[in-house]
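Fold and geometry: a report
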Amino acid sequence: MMRIANMDNGEIETLVRGALDAGVNVLDHADIYGGERHRCEARFGEAVTLSPAEREQTIIQSKVGIRKRYFDFSAGHILSTVDESLAALRTEYLDVLLLHRPDTLVEPYEVAEAFDTLHAAGKVRHFGVSNHTPGQIELLRTAVRQPLAFNQVQLSLTHAPLFAQGVAANMTGLEQSVSRDNGLLEYSRLNKMTLQAWSPFQAGFFDGVFLGDRERFPALNAVLDELAEAHGVTPSGIAVAWITRHPANIQVVLGTTKASRVVEAAAGSDVELSREEWYRLFTAAGHTLP
């Protein structure tokens, strides 16, 4: 829901209804989305009315912690932000609350205090983090009593250190072998922590998508086209299938504002790529197999 700030009510409702009809039941928000605090949450609340049954079946997720030029995991900020998010979204509870980018000044007991208060009041049902390393998660767990069930991280075919480092571990002189997340993939699987992949079509850090970019990624797009035809889906569906094929059971966070693209992407989650197909995409995206 990061890009809905300037859409009208009808467009937002069409997007959400199209996603729900396609089997997507997680709606991802953050207090900072939309250019001003709670802007996208408020636009969603104004545009979409879920029936009680629909609300129970829909997972509304939001995030907290990023402020203007600094990060803040203080108890007071977490509590006040959640109240503001609930008001903007026009809902009585969040299904999931994630701590956005790591706050290096975090006091785990303050996070625990806020989470206990929110959970006891029925304002948040489940908790997690975003862009956190195993060590940062373990630090939080010294005080937080609720399971930290989710971690949202950047992941796409062309931005995949989460996968690529482990494949090339212990290779001196190879940039790919440098660990950037301290074994987060294996940590998540060992601790049954669900990873959520944001920017699944971005080439890197907001520098354009790889889909259809035949100048920068000709080999990758050739393989995407071939596999899309073979499996009866679009290239975006194959890009999703590459992520969901992994046994870590990763959730894909789409950033599109078009319901038709949600449908195309969601269809990819029904495709199970073979090992050979998965590694063909991996190498076509520029990653090394030693």
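Let me sum up the structure you'll find in this document. Within every chain, residues take consecutive numbers counted from 1 along the sequence as written. For a predicted model such as this one, the threshold for reporting local features is a pLDDT of at least 70, and the threshold for listing and counting side-chain atom pairs is 80 or more; totals across whole chains, interfaces and linings nevertheless cover every residue. Hydrogens and water molecules were not included; the side-chain quantities draw on all heavy atoms of the structure.

1. Quick look at the overall build of the protein chain
In this text, helices come from DSSP runs of H or I with a minimum length of four residues, and strands from runs of E with a minimum of two, each type numbered from the N-terminal end. A count of helical and extended segments in the protein chain gives 12 helices and 9 strands. With the radius of gyration taken over C-alpha atoms, the globule rule is written as 2.2 Å times the number of residues to the power 0.38. In summary, the protein chain has a C-alpha radius of gyration of 19 Å against a globular reference of 19 Å for 290 residues, a match within 12%. If one aligns the C-alpha atoms of the protein chain with their principal axes, the spans along those axes are about 50 × 45 × 30 Å. When a residue's accessible area, from a 1.4 Å probe over protein chains only, is under 20% of the maximum for its type it is buried; when over 50% it is exposed; and in between it is partly exposed. Put simply, the protein chain has 290 residues, and 50% of those count as buried. By definition, residues are in contact when any of their heavy atoms lie within 4.5 Å. In the protein chain, once contacts between residues fewer than 6 apart in sequence are set aside, the share between residues at least 24 apart is 72%.

2. Some details on the packing of helix 9 (residues 218-231) against helix 10 (residues 235-244)
Comment: axis = line fitted to C-alpha atoms, over the contacting stretch for helices; angle = value between 0 and 180 degrees taken between N-to-C directions. With their axes 8 Å apart at the nearest point, helix 9 and helix 10 run at an angle of 95° to one another. Our classification of the angle between helix 9 and helix 10 gives roughly perpendicular. In this structure, helix 9 uses Leu224, Asp225, Leu227, Ala228 and His231 to contact helix 10, whose residues at the interface are Pro235, Ile238 and Ala239. Across the contact of helix 9 with helix 10, the residue classes tally to 6 nonpolar, 1 polar and 1 charged. Throughout this description, any angle smaller than 35 degrees is read as roughly parallel, any larger than 145 degrees as roughly antiparallel, any in the 65 to 115 degree range as roughly perpendicular, and the remainder as oblique. The residue classification treats Ala, Val, Leu, Ile, Met, Phe, Trp, Tyr, Cys and Pro as nonpolar and Asp, Glu, Lys and Arg as charged. All others, Gly included, are polar.

3. Points about the pairing of strand 5 (residues 94-99)
Within strand 5, 6 of the 6 residues are buried, which leaves it mostly tucked inside the rest of the structure. In the sheet, strand 5 pairs with strand 6 (residues 124-130) via 5 bridges, with the strands oriented parallel. From the neighbouring strand, Leu97 faces strand 6, where its bridge partner is Phe127. For crossovers, right-handed means that the path from the first strand over the helix to the second runs clockwise, given strands pointing away from the viewer. Considered for its hand, the β-α-β crossover made up of strand 5, helix 5 (residues 108-120) and strand 6 is right-handed. A pair of strands is labelled paired if DSSP reports no fewer than 2 bridges between them.

4. Description of the packing of helix 10 against helix 11 (residues 259-268)
Taken N-terminus to C-terminus, the directions of helix 10 and helix 11 make an angle of 40°; their axes are 6 Å apart at the nearest point. It follows that helix 10 is oblique to helix 11 by the angle criterion. Crossing of helix 10 over helix 11 shows right-handed handedness. Taken together, the residues of helix 11 that come into contact with helix 10 (itself represented by Ser236, Gly237, Val240, Ala241 and Thr244) are Glu264, Ala265 and Gly268. A breakdown of the residues in the contact of helix 10 with helix 11 according to their chemical character gives 3 nonpolar, 4 polar and 1 charged. Left-handed describes a crossing in which the near helix is turned anticlockwise from the far one by less than a right angle; the clockwise case is right-handed.

5. Description of the environment of Phe206
Locating Phe206 in the fold gives a position in the loop between strand 8 (194-198) and helix 9. Distance in space between the C-alpha atoms of Phe206 and Val26 is 23 Å, their sequence separation being 180 residues. Discounting chain neighbours no more than four positions away, the residues touching Phe206 are Met2, Arg3, Trp198 and Ser199.

6. Re the nonpolar core
In these notes, a set of buried Ala, Val, Leu, Ile, Met, Phe, Trp, Tyr and Cys residues joined through side-chain atoms within 4.5 Å is what counts as a nonpolar core. By size, the foremost hydrophobic cluster in this structure holds 80 residues, and its most contacted members are Leu97, Trp242 and Leu281. Not counting residues up to four positions away in its chain, the partners in contact with Trp242 are Ser156, Leu157, Ala160, Phe163, Leu273, Trp278, Leu281 and Phe282.

7. Some words on the packing of aromatic side chains
The rule is short: rings of Phe, Tyr and Trp, with Trp giving its six-membered ring, pair when the centres are within 6.5 Å, and they are stacked under 30 degrees, edge-to-face over 60, tilted in between. Inspection of the entire model under this criterion finds 8 aromatic pairs. When the centroid spacing of 5.7 Å and the interplanar angle of 55° are considered together, the rings of Phe163 and Trp278 count as tilted. In this pair, Phe163 sits in helix 7 (residues 161-167) while Trp278 sits in helix 12 (residues 275-284), placing the two residues 115 residues apart along the sequence. Taken together, a centroid distance of 5.0 Å and an interplanar angle of 75° make the contact between Trp278 and Tyr279 edge-to-face. A relative accessible area of 34% places Tyr279 in the partly exposed class. In this scheme, the term charge over a ring applies when either NZ of a lysine or CZ of an arginine sits within 6 Å of the ring centre and within 35 degrees of the ring normal. Its guanidinium or amino end placed over the ring of Tyr93, Arg55 lies 4.1 Å from that ring's centre, counting from NZ or CZ. In this structure, Arg125 is placed above the aromatic ring of Tyr93, and the distance from its NZ or CZ to the ring centre is 3.9 Å.

8. Topic: the side chain of Gln196
Position of Gln196 among the secondary structure elements: in strand 8. You can call Gln196 buried: its relative accessible area is 2%.

9. Some words on helix 4 (residues 75-89)
Helix span, as expected, comes to 1.5 Å for every residue beyond the first. Compared with the 21 Å implied by 1.5 Å per residue over 15 residues, the 21 Å span of helix 4 between its first and last C-alpha is a close match. Within helix 4, burial applies to Ala75, His77, Ile78, Thr81, Val82, Ser85, Leu86, Ala88 and Leu89. The buried residues of helix 4 occupy an angular sector of 160° when the element is viewed end-on, so they sit on one face. Arg90 sits one or two positions beyond helix 4 and adopts a positive phi of about 60°. The arc in question is formed by the directions pointing from the helix axis toward the C-beta atoms.

10. What to know about the environment of His119
In this structure, His119 sits in helix 5. Linking His119 and Ser269, residues 150 residues apart in sequence, is a C-alpha distance of 32 Å. Excluding anything up to four places from it in sequence, His119 contacts Val124, Arg125, Phe127 and Gln146.

11. Quick word on helix 11
Given 3.6 residues per turn, any residue in an α-helix points the same way as the ones three and four places further on. Every buried residue of helix 11 is listed here: Ala259, Val262, Ala265, Ala266 and Gly268. Buried residues of helix 11, viewed axially, fall in a sector of 160°; they line one side. In this structure, the buried residues of helix 11 make contact with helix 1 (9-21) and helix 10.

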